[in-house]
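Each chain, letter by letter, is given below.
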Amino acid sequence: MYYSDDSDIEIRSLSDDSEVSNSDESIRSASPAPSDSDESIYSLSSSVYGQRLRDYNGRLFNTIHEAYIMPSDEEEHVRHDIQHRCLSYAIGSLYASPERVRAALAPNPNYTPAIIDIGTGAGSWAIEMALEFPHAEVLGIDLAPPITHMPIPDNCRFEVDDCNLPLTHYMNSYNVAHLRSVEFGLDDYEGVINEVALILRQGGIILLAGGDLRLYNHDRKPLPDVAEGEEGFTWCQRIFTAILDASKNRGCKSWNARALWHGWLEQNPNYEDVHTFDVLIPIGPWQKGPGINDRINYISELMRLDLLRLFRSCRPMLVGDGYPASMVDRWLTNVEVEFQKLELKAFAKWRYTSARRRNALFVAT
């Protein structure tokens, strides 16, 4: 076990004592060699923001993959920015396995190093990677175009693309592939991991990150999911449970993929050197005592803001799943009070898994 510098945010490697279960065209330029028959790629034009979004219970959603339960509007992309900032501060970097990532992106006389951000959201990670690695090309893809107020570097571009469809137009084009918080948008997460091996160059790095829909205590144990009025009940966990149930009802098959990443990658003949660790982030600045400083409180506050906005973004999905709007609004009001009064003493858990693409020809699985 180890801790991030100067903080009480715990970063825990699974190798310590845990087990891993095995259970316009583009904004800047064209994607790597797409063919006319590629089904997954969509162009971005000046009117794409209206054409690619639909209204559903008061929020805007993508029109490509209706099973994806999260909005694609500006309000949601602001949340993405908050979450991105929180997680970057929490692990002290834009990415896990920094030594391996930097080695994979080292300048090469034979090709331009390249990065793909699958499920780019607001595009913050892609933009900041382009700034950190100005010699590399960065592509962010998602089911809807990003809404960003950040200047887009010349070495960064975005495309509307559905990675549930074949990604053969990106074959052998990237040195780093990043997927964060994409579970609810994938029909077959294990299949996408195998598809990523096809688009990674040999020695490339896959980076996976995702948050758990459960709360955790100081002992790293999940808080109980109990009914209102029972001891240990929290409004935050109530909403998490409803989100999970609604996502399953909508056919989401990848909701528990985080627990399976490590095993999938170890069993896949295209990957090697799999690393996994968990990060526990306090929800709100409720911690006191030695080691609790402005940095940890700032990260904790960002996590609280992220979750509040997440729950609001999930309102259309919950109402669409059959929960009365008045009930969902009551939950949202109560969880906001719970957060503001710092009544909830709990952590959010994020998992990070990375692996290296073997220096061998791709093996179909």
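Not measured: the values here are computed from a predicted model.

Asker: Tell me about the pairing of strand E7 (residues 137-142), and name the residues and values.
Answerer: Of all six residues in E7, five are buried; the element is thus mostly enclosed. When strand E6 (residues 114-118) meets E7, the two strands line up parallel, connected through five bridges. In the strand pairing of E7, Ile115 is matched with Val138. In this region the chain leaves E6, passes through helix H5 (residues 124-132) and returns to the parallel neighbour E7; the handedness of that crossover is right-handed. Relative to strand E8 (residues 156-161), E7 runs parallel, the two sharing five bridges. Paired with Ile141 across the two strands is Glu159, which belongs to E8.

Asker: Which residues make up the environment of Pro151, and what values go with them?
Answerer: Position of Pro151 relative to the elements: it lies in the loop between E7 and E8. Separated by 24 residues in sequence, Pro151 and Ile127 have C-alpha atoms that sit 8.2 Å apart.

Asker: An account of the packing of helix H3 (residues 74-91) against H5 is requested, with residue identities and associated values reported.
Answerer: Where H3 meets H5, the axes come as close as 9 Å, and the angle between the chain directions of the two elements is 50 degrees. Compared by their axis directions, H3 and H5 come out oblique. Here Asp81, His84 and Arg85 of H3 lie close against H5, whose contacting residues are Ser124, Trp125 and Glu128.

The rules behind these values
- Residues numbered from 1 in each chain as written.
- Predicted model: local features only at pLDDT ≥ 70, side-chain atom pairs only at ≥ 80, totals over all residues.
- Heavy atoms only, no water.
- Buried < 20%, exposed > 50% of the residue type's maximum accessible area, 1.4 Å probe, protein only.
- Helix = DSSP H or I, 4+ residues; strand = E, 2+ residues; numbered from the N terminus.
- Pairing = 2+ DSSP bridges.
- Right-handed = clockwise from strand over helix to strand, strands pointing away.
- Axes fitted to C-alpha atoms, helices over the stretch in contact; angles between N-to-C directions.
- Parallel < 35°, antiparallel > 145°, perpendicular 65-115°, else oblique.
- Contact = heavy atoms within 4.5 Å.

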